[in-house]
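Coordinate inspection notes
The lines below spell out each chain.
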Amino acid sequence: MTDEPRIENEFPQPTPVIATLNVHASRFPDLERPDYLITSPAVPLEGYRDSFGNWCSRMVAPAGRFMLKTDTVVRDHGSGDLQELDAPEIPVEKLPSDSVLFLLGSRYCETDRLSAIAWDLFGHVPPGWGRVQAICDYVHDRIAFGYEHARATRTAFDVFEEQRGVCRDYAHLAIAFCRCLNIPTRYCNGYVSDIGLPLPHAPGDFAAWMEVYLGGRWHTFDPRNNSSRIGRILIAYGRDAADVPLTLTFGPNDLTGFRVTTEEAPGPA
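1. Quick notes on the overall build of the protein chain
Along the backbone of the protein chain there are four helices and 14 strands. Relative to the 2.2 N^0.38 estimate, which gives 18 Å for 269 residues, the radius of gyration of the protein chain is 19 Å and therefore close to what a compact globule would have. Based on the C-alpha atoms only, the size of the protein chain along its principal axes is roughly 55 × 50 × 40 Å. When the 269 residues of the protein chain are sorted by exposure, 48% land in the buried category. With an accessible surface of roughly 12700 Å², the protein chain has 54% of that area assigned to carbon and sulfur atoms. Here the protein chain contributes 25 positively and 36 negatively charged side chains, and the mean placements of these two sets differ by 2 Å.

2. Considering helix α1 (residues 111–122)
Here α1 contains 12 residues, and its C-alpha end-to-end distance of 14 Å is more than 12% below the 16 Å for a straight helix at 1.5 Å per residue. When we look at burial in α1, the residues that qualify are T111, L114, A118 and F122. Take α1 and look down its axis: the buried residues cluster within an arc of 75°, on one side only. For α1, the exposed residues set more than 90 degrees away from the buried face come down to D112, A116 and D120. In this fold, the buried residues of α1 make contact with α2 (129–142), α3 (156–162) and α4 (167–180).

3. Concerning the sheet that holds strand β12 (residues 233–238)
If you trace the four strands from one edge of the open sheet to the other, you get β11-β10-β9-β12, paired in antiparallel fashion. Taken across any chain shown, the strands that pair with only one partner, and hence form the sheet edges, are β11 (217–221) and β12. Across this sheet, the average inter-strand angle for adjacent strands is 35°, counted without regard to direction. Looking at chain direction, strand β9 (residues 185–191) and strand β10 (residues 206–214) are connected through seven bridges and run antiparallel. The residue bridging N189 from the neighbouring strand is A208, located in β10. Contacting β9 and β10, α4 crosses the sheet at an angle of about 15° to β10.

4. Things to note about the nonpolar core
Of all hydrophobic cores here, the largest spans 57 residues; its most connected members are L114, L173, F177 and M210. A per-element tally of this core places α4 first, with 10 residues. Grouped together as the second largest cluster of nonpolar side chains are 12 residues, F102, A207, Y213 and W218 included.

5. Considering the pattern of salt bridges
Per the counting criterion, the structure on display carries 15 salt bridges. For the salt bridge of D30 with R27, the shortest nitrogen-to-oxygen distance reads 2.7 Å. D30 gets classed as partly exposed once you look at its relative accessible area, which sits at 22%. By relative accessible area, which is 13% here, R27 ends up buried. Here E32 makes a salt bridge to R75, at a shortest N to O gap of 3.4 Å. Here E32, found in the loop between β2 (15–19) and β3 (38–40), pairs with R75, found in the loop between β6 (64–69) and α1; they are 43 residues apart in sequence, far enough to count as distant.

Calculation rules
Residues numbered from 1 in each chain as written. Predicted model: local features only at pLDDT ≥ 70, side-chain atom pairs only at ≥ 80, totals over all residues. Heavy atoms only, no water. Helix = DSSP H or I, 4+ residues; strand = E, 2+ residues; numbered from the N terminus. Rg over C-alpha atoms; globule rule 2.2 N^0.38 Å. Buried < 20%, exposed > 50% of the residue type's maximum accessible area, 1.4 Å probe, protein only. Areas by Shrake-Rupley, 256 points an atom, 1.4 Å probe, with all protein chains shown as cover. Lys, Arg positive; Asp, Glu negative; His and termini not counted. Charge placed at Lys NZ, Arg CZ, Asp CG, Glu CD. Expected span 1.5 Å × (residues − 1). Arc of directions from axis to C-beta. Contact = heavy atoms within 4.5 Å. Pairing = 2+ DSSP bridges. Axes fitted to C-alpha atoms, helices over the stretch in contact; angles between N-to-C directions. Core = buried A, V, L, I, M, F, W, Y, C linked by side-chain atoms within 4.5 Å. Salt bridge = Lys/Arg side-chain N within 4 Å of Asp/Glu carboxyl O.

Following this line, the structure appears as structure tokens:
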């Protein structure tokens, strides 16, 4: 269950905004109620699907304080991320055409700079699920997590050299390594809960992970947490974070508030 994530900004003038905050269409059947996007003050919204099929909302934020929020209840199977340990890699020539895009370098995933490094580190690992997991293990163990390390311009190669970052940095480096090894991999963002984990739980946040094409379908891998999570809810996917910002603002503004909660809903009586 997700409960009222709020993003608050202060705008010096009316500013166009595109928000990608609704649950991805792949989870629509699991929604107990629509996850309407609410703005305060209220403004007209225009919805559309981007080139990856993510649901986006266009609007013009007025000058002053502006808030975006949404909440819903999502039914989840409760067994965590599904694993298929024998899922094989698919040869490039046999990949479906719509997956080939996710082999290419992108804004934050410089395959050209990391190709030789990827093959040196993982070229000897047997192909398939185990090789992707080896990449996740390496990134998880090598990178030091900390919100103080967040930087909007950090690329996968920067992450490799600096050895620090936030969840999107873990994802970018692992994605780049996978693509270098000819494994289609896409960047994902959404909700990752702490359901089933011991207390105390860290403050909520949106999270980034990746989906890897193995054995004829997309599988979830999470190099930041490197563990299965209950209640992972996808919002959007793309080549990297540049494709799926939660809010894209076309003018100056200050982020003044940010709150995300993901909690287990009480069961039926």
